[in-house]
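Breakdown of the fold
Residues per chain are reported as follows:
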Amino acid sequence: MDAYEYLSVLNKEQREAVVHSGSPLLILAGAGSGKTRVITTKIAYMISELGINPYSILAVTFTKKAANEMQERAVLLEPQAVKSQIRTFHSFGSWFLRRYAEEAEIDKNFTVYDDDDMVSLLLKEFPEMNRQQAGGVAHKISRAKDYCLLPEDEDKFSLYNLELTKEVYERYQNRLRQTGNVDFGDLIMLPVLLLKQNEKIRADIHSRFKVVMVDEYQDSNVAQFALLEQLAGPETYICVVGDDDQSIYKFRGAEVENILTFQDHFAGTQIIKLETNYRSVPPVLALANSVIKNNKNRLGKNLVPFRIGEKKAVLSFLSNQDDEVEYVCNLIQKSHREGVPYADWAVLYRTNAQSLGFETEFLHKKIPYSVVGTLKFYQREEIKDALSFLSFLANPKDEVAFSRIVNKPSRGIGEVRQEKILETYKNNANSTLLEKYSLIDACLDTVSSFPAKAKTGLNSFIQVVQNLQTMLQENSANGEDKSLVEQLAEVSLKSDSSSLQGDLETQVVSDSFKSTKRLSELVEKMIKDSGFQEYYENQDEISHTQKVNNLQELINSASLYSLSFQGLSDFLDHIELDRTLELADEEEENPDRVTLITVHNTKGLEFPRVVLTGMENGLFPRGDKDEDEIEEERRLFYVGITRAKDELYFTSCGFRRMYGHTEVSQPSSFLLELDRKNVVFNGNVPIAFRSEKSSVGKSFNQSTMEGRWKRGVKIYHDDYGYGYIMATDDSGDEYLISVQFESGMVKRFMPRYQSNRLTIIND
DNA sequence: GACAGTGAAATTTTT
DNA sequence: TTTCACTGTC
């Protein structure tokens, strides 16, 4: 495609952003304002019109999904963009650390520890802690790393409310370094430190990346900002894109300040605002604007609709979760009968736990769906076991992985004997002469002291590991240090030659694909030889689980990688850095599915029809939030609303089951902020929503009928016992209430005439 | 070191 | 209601 062609579909501001060069650029892009189009066009434009080497362009995003989409779209506009680095922050960190592993003093074959692994490691270092305490510490260490704080920065911990001591953090960090692995925080923090202190690497990186772009910049944290600062050389072109109204990861260290103060840090910054929304119909935008304007801490902007349409949103008040599920099913099924594809629908919720009800009923009603972003698959016991085994093969110093697999299935290596192996390991590994000393060596050195049963068990374990390692070695090509794409990219930078490179690249890659065995062979062998297969077959039989199937799924996904150390490392990286499992087979068979997804996960996505469920106080917004946190919840609500293209629905329940108990719930206070002109009500509408006037004054007034006998109030009736007011009705001459009793029975009363039999219970 | 029995906690949001 | 960590027994 010709540059004029792809520029011509942009509006004035978008085009301005695309062709901008020279000074740093901050693009404030409202929801649905064509942000991705601008970034991808900009990448294509820089390559084809400005003659910038694609290899020197780095674009970082927040999620893998966004990164993939960005790369795909950029490549469509400009094929050379395949050579650009388009990655998530964390995957960039991983790439960087593998490249400079030696300088960073970590193992080149490191694997990434997730939160669970952090906890396991902490428990090893601090046996006196329980799991929960270790979890708390892990969380605080992660936060410290988000702020790029080292143990010696102890005096700054209190600034961020981190109840963490230098000693604990330091001991954890040392132990982690011993394993040769890194955690998520390290993936950002270590590159920052290395770039700060190593001039050569800094120069190296500055000469490589001439352009650095950051998407979803509002969700970057302090460490990520520091990384951006380090990546920016004197001649680097920096361009960040974000929307302060969509900052929803403060709980994880995101700093809205990064976007609010960008121009202070990067001198001469130009700001371009994109406020035309191409996604949603006007009522949706009016609702979004009416909500977000209640936030004080924002730069301030208004979405201006491009589209036309006047279909109002629908807010339904339902009695309980079951009704909510039923209502959503009906919406979807009715529209489907009218020819609307399932895939047009997305059901959004605040917490993952809420998906269950929908899943059950969708299955029952045969509504195809897919749940986005549940980590469940990789948290399953059998999958973690298999992955630990693979991690151990990649890095035989990984003690967390080792402990997890050495005695599973039972080989007679209990805690005491594991301790002994670890001790042997530490004694030998600490003497610098034996840098290559692994946990397997420690096993070999310890095994002779064990009694017969343990000896046999451990020997067979060693044997399995060694066989698999041999298999890996035999199939790893010589000097296979870098991936093929990387090698080719480097050649291309040096010779900077023709457009043949794209062809050359695909050719070589596909050749290697043909000639190399698949990693799935190794995974399959590992699962059989380790005894996992048999172990989980037995479990499946006893408790009717699907564990062997899940393992099979893991084997399948490994078939995309080559059988080599590089392939293994890529596979593990891919899994650690992108936990969303693509259910490729199932999805390909029938891509027409309803999307079930948390509001957080919808960032960057859009759907023709959106249902925002569970709009109740305590759930959305979640309870015990201070004003700042309420603002973040409000931004989250704003993100949810702005996902909708054509139709938007809200649901709110009067009762919600939690922990097996049914609790009364009040409609979300955010619903009161919705612009009434653009929403219609449905179901048992609470008084607060009946008219503008009554929304504040009346309903809180204890002296009126409506004030006292309101929805959710617990009552006692002499004849029927305890119950809740599930609906009220003031449309007639007399004020009416509907009460649901514990028996399940629903009765209507006129409270004025029941004062001797009906009492309000104050808990 | 496996297992049953108990009691308490659990549901934020994720790279 | 379900799950998980902890305890005591074999």
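So, how was this worked out
Within each chain, residue numbers correspond to sequence positions counted from 1 in written order. Throughout, the order in which chains and ligands are written sets their labels, letters from A for the former and numbers from 1 for the latter. Thresholds applied to this predicted model are a pLDDT of at least 70 for local features of residues and 80 or more for the giving and counting of side-chain atom pairs; totals over whole chains, interfaces and linings are not thresholded and use all residues. Only heavy atoms go into the side-chain values, all of them from the structure, while hydrogens and water stay out. The way it works is that DSSP assigns letters per residue, a run of H or I at least four long becomes a helix, a run of E at least two long becomes a strand, and they are numbered from the N terminus. A simple rule labels every residue: compare its accessible area, found with a 1.4 Å probe on the protein chains alone, to the largest value its type can have, and call it buried under 20%, exposed over 50%, or partly exposed in between. The Shrake-Rupley method, run with a 1.4 Å probe, gives the accessible areas here. Residue values count only the displayed protein chains as cover. Note on method: axes are straight lines fitted to C-alpha atoms, helices fitted across the in-contact stretch only, with angles between N-to-C directions ranging 0 to 180 degrees. We call two directions roughly parallel when the angle between them is under 35 degrees, roughly antiparallel when it is over 145, roughly perpendicular when it lies between 65 and 115, and oblique otherwise. Crossing chirality is assigned from the near helix's rotation relative to the far helix, an anticlockwise turn below a right angle marking it left-handed and a clockwise turn marking it right-handed. Here, two residues are considered to be in contact whenever any of their heavy atoms come within 4.5 Å of each other. Lys, Arg, Asp and Glu make up the charged group, whereas Ala, Val, Leu, Ile, Met, Phe, Trp, Tyr, Cys and Pro make up the nonpolar group; the residues left over, Gly among them, are polar. Pairing of aromatic rings covers Phe, Tyr and the six-membered ring of Trp, with a centre-to-centre limit of 6.5 Å; geometry is then stacked below 30 degrees between planes, edge-to-face above 60, and tilted otherwise. Charge over a ring is defined by NZ of Lys or CZ of Arg lying within 6 Å of the ring centre and within 35 degrees of the ring normal. Strand pairing is assigned whenever DSSP identifies at least 2 bridges connecting the two strands. Proximity is defined per residue: any heavy atom of the residue falling within 4 Å of a molecule or strand makes that residue near it. Here, nonpolar core refers to any group of buried Ala, Val, Leu, Ile, Met, Phe, Trp, Tyr and Cys residues whose side-chain atoms link them within 4.5 Å. In protein, a polar contact requires one atom able to donate a hydrogen and another able to accept it; more generally it is a pair of N or O atoms within 3.5 Å, and residues adjacent in sequence count only if both atoms are side-chain atoms. Of all possible arcs, the one meant is that of the directions from the helix axis to the C-beta atoms. We count a salt bridge whenever a side-chain nitrogen from Lys or Arg sits within 4 Å of a carboxyl oxygen from Asp or Glu.

Quick look at the overall build of chain A now. Scanning chain A from N- to C-terminus turns up 33 helices and 24 strands. Expressed as a percentage of its 763 residues, the buried residues of chain A come to 54%. In the structure as shown, chain A presents an accessible area of about 34,500 Å², 49% of it carried by carbon and sulfur atoms.

On to the packing of helix α20 (residues 381-394) against helix α30 (residues 565-577). In contact at an axis separation of 10 Å, α20 and α30 are set at 135° when each is read in the N-to-C sense. On the basis of their axis angle, the class for α20 and α30 is oblique. The crossing of α20 and α30 is left-handed. Between α20 and α30, the residues in contact are Leu387, Leu390, Ser391, Leu393 and Ala394 and Phe565, Leu568, Phe571, Leu572 and Ile575, respectively. Considered class by class, the residues forming the contact of α20 with α30 number 9 nonpolar, 1 polar and no charged.

Relative to each other, helix α27 (residues 519-529) and helix α29 (residues 547-558) sit at 155°, their axes nearing to 7 Å. Accordingly, the angle class assigned to the pair α27 and α29 is roughly antiparallel. The two elements α27 and α29 cross, and the hand of that crossing is right-handed. Listed contacts from α29 to Leu519, Ser520, Val523, Glu524 and Ile527 of α27 are Leu551, Ile555 and Ala558. For the contact of α27 with α29, the residue count by class is 6 nonpolar, 1 polar and 1 charged.

Scanning the model with the defined rule gives 32 aromatic pairs in all. Each ring, one from Trp345 and one from Tyr649, has its centre 5.6 Å from the other, and the planes form 35°; the classification is tilted. Residue Trp345 is found in strand β12 (residues 345-349), and its partner Tyr649 is found in strand β16 (residues 644-653); the two are separated by 304 residues along the sequence. Tyr649 shares its class with Trp345; the two are buried. An aromatic cluster of three or more residues is present, and its members are Phe389, Phe392, Phe402, Phe461, Phe532, Tyr535 and Tyr536. Sitting over the face of the ring of Phe110, Arg98 holds its NZ or CZ atom 3.9 Å from the ring centroid. A cation over an aromatic ring shows up here: Arg252 above the ring of Tyr249, its NZ or CZ 4.7 Å from the ring centre.

Strand order in the open sheet formed by 7 strands is β13-β14-β12-β15-β16-β11-β19, and the pairing between neighbours is parallel. Sheet topology places β13 (369-371) and β19 (679-683) at the edges, where each strand pairs with a single neighbour. Going across the sheet, the axis of each strand differs from the next one's by a mean of 20°, ignoring polarity. Sheet topology places β12 next to strand β15 (residues 607-612); 4 bridges connect them, and they run parallel. Counterpart to Leu348 in the pairing with β15 is Leu612. This element, helix α16 (residues 282-292), spans β11 (313-318), β16 and β19 of the sheet and lies at about 50° to β16.

Before going further, it helps to spend a moment on the protein's contact with DNA strand C. Surrounding DNA strand C, one finds Asn130, Arg131, Tyr659 and Gly660. Atoms of DNA strand C within 4 Å of the protein: sugar and phosphate make up 38%, bases the balance. Class assignment for the residues of the surface near DNA strand C results in 1 nonpolar, 2 polar and 1 charged.

A word on the nonpolar core. With 66 residues, the main nonpolar core has Phe92, Phe96, Leu97, Ile205 and Leu228 as its most contacted residues. With 7 residues, helix α11 (residues 184-197) is the largest single contributor of residues to this core. Setting aside chain neighbours within four positions, we find Ile205 in contact with Trp95, Phe96, Tyr100, Leu195 and Leu231. Within the second largest apolar cluster, 52 residues are counted, among which are Phe402, Tyr437, Leu519 and Ile555.

Surveying the vicinity of DNA strand B reveals 21 residues, the closest of which are Arg252, Arg350, Asn352, Gly414 and Asn601. A share of 50% is what sugar and phosphate atoms reach among the atoms of DNA strand B within 4 Å of the protein. Here a phosphate oxygen of DNA strand B sits 2.8 Å away from a polar atom, N or O, in the side chain of Asn601. For the surface near DNA strand B, the class distribution of residues is 5 nonpolar, 10 polar and 6 charged.

With that out of the way, let us pick up the environment of Gly309. As for its placement among the helices and strands, Gly309 is situated in the loop between β10 (304-305) and β11. Exposure remark for Gly309: the relative accessible area of 36% places this residue in the partly exposed category. Spatially, the C-alpha atom of Gly309 lies 59 Å from that of Glu170, the residues being 139 residues apart in sequence. Once residues lying within four places of it in the same chain are set aside, the contact partners of Gly309 are Pro282 and Pro283.

So, on to the sheet that holds strand β7 (residues 237-242). Read across the sheet, 6 strands follow the order β3-β2-β6-β7-β1-β8 without closing on themselves; strand pairing throughout is parallel. The strands lining the two open edges of the sheet, one partner per strand, are β3 (85-88) and β8 (270-274). Neighbour to neighbour, the strand axes of the sheet diverge by 15° on average, direction disregarded. As paired strands, strand β1 (residues 25-29) and β8 are joined by 5 bridges and run parallel to one another. Residue pairing in the sheet places Ala29 in a bridge with Leu274 of β8.

Every buried residue belonging to α27 is among Leu519, Ser520, Leu522, Val523, Met526 and Ile527, and all of these are buried. One side of α27 carries all its buried residues, which in axial view fall inside an arc of 160°. Buried positions along α27 lie against α20, α24 (452-475), α28 (532-543), α29 and α30. With its phi angle positive at about 95°, Gly531 sits one or two positions after the end of α27.

Enumeration according to the criterion identifies 44 salt bridges in this entry. In this structure, Arg635 and Glu632 form a salt bridge, with 3.2 Å as the shortest nitrogen-oxygen distance. Placement of both Arg635 and Glu632 in helix α32 (residues 627-641) is noted, with a separation of 3 residues, approximately one turn of the helix. Just as Arg635 is buried, Glu632 falls in that class too. What emerges from the salt-bridge pattern is a single network uniting Glu381, Glu382, Asp385, Arg404, Lys408 and Lys547.

A cis amide bond links Lys408 with the next residue in sequence, Pro409, at an omega value of -5°. Secondary-structure assignment places Pro409 in the loop between α21 (399-405) and α22 (415-430). Phi is positive for Glu105, close to 60°, though the residue is something other than glycine. Summarising the element assignment, Glu105 is placed in the loop between α6 (101-104) and β4 (112-113). Residues other than glycine seldom take positive phi values, yet Glu216 does so here, at roughly 50°. Tracing the backbone through its elements, the reader meets Glu216 in the loop between β6 (211-214) and α13 (222-231). For Glu216, a relative accessible area of 8% corresponds to the buried category.

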